[in-house]
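Here is how the chains run, residue by residue.
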Amino acid sequence: MLYAILSEDVPDSLEKRKSVRPAHLKRLQELQDGGKLIIAGPHPAIDSNTPAEAGFTGSLVIAEFADLRAAQQWADVDPYVEAGIYAKVSVKPFKQTFPQ
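Residues numbered from 1 in each chain as written. Predicted model: local features only at pLDDT ≥ 70, side-chain atom pairs only at ≥ 80, totals over all residues. Heavy atoms only, no water.

**Q** I would appreciate a short explanation of the pattern of salt bridges in the present structure.
**A** Where charged atoms from two side chains of opposite charge come close, those side chains can pair. Taken as a whole, this structure holds six salt bridges when the rule is applied. For Arg17, the salt bridge identified is with Asp9, shortest N-O distance 2.6 Å. Here Arg27 makes a salt bridge to Asp78, at a shortest N to O gap of 3.6 Å. With a gap of 51 residues between them, Arg27 in helix α1 (residues 14-33) and Asp78 in the loop between α2 (68-76) and α3 (79-82) connect regions that are remote in the sequence. Judged by relative accessible area, which is 14%, Arg27 ranks as buried. Note on Asp78: relative accessible area 4%, which makes it buried. Counted as one network, the salt bridges with shared partners bring together Glu15, Lys18 and Glu53. (Salt bridge = Lys/Arg side-chain N within 4 Å of Asp/Glu carboxyl O. Helix = DSSP H or I, 4+ residues; strand = E, 2+ residues; numbered from the N terminus. Buried < 20%, exposed > 50% of the residue type's maximum accessible area, 1.4 Å probe, protein only.)

Here you go:
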């Protein structure tokens, strides 16, 4: 089943994000390599794909996991969680309707 992992950053997270990003991306690449990743990316703090110093306010990952517990366990050990970048992380089942 698919799960949406919605994360909200702490204020002024940009520098921490930059320092931990390689480890965060490595885990996402592993999901992609396993054919489990649907989409992933950050939420820019401003209306721009390149927010520069405005940074980001959080992230979204939609991926396939065996169950809700597995998705939550994966989210709990994200490098951004461990570095204190995320203030809040929600994991919810997700039913993809489009695209088909």
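**Q** I would appreciate a short explanation of the packing of aromatic side chains in the present structure.
**A** Two numbers describe a pair of aromatic rings. These are the distance of the centres and the angle of the planes. One pass over the full model with this rule turns up three aromatic pairs. Their ring planes at 50° and their centres at 5.7 Å tell us that Phe65 and Trp74 sit as a pair that is tilted. Summarising the burial analysis for this pair, Phe65 and Trp74 share the class buried. Centre to centre, the rings of Tyr80 and Tyr86 are 5.5 Å apart; their planes meet at 80°, and the pair counts as edge-to-face. A single burial state applies to Tyr80 and to Tyr86, both of which are buried. (Phe/Tyr/Trp six-rings, centres within 6.5 Å; stacked < 30°, edge-to-face > 60°.)

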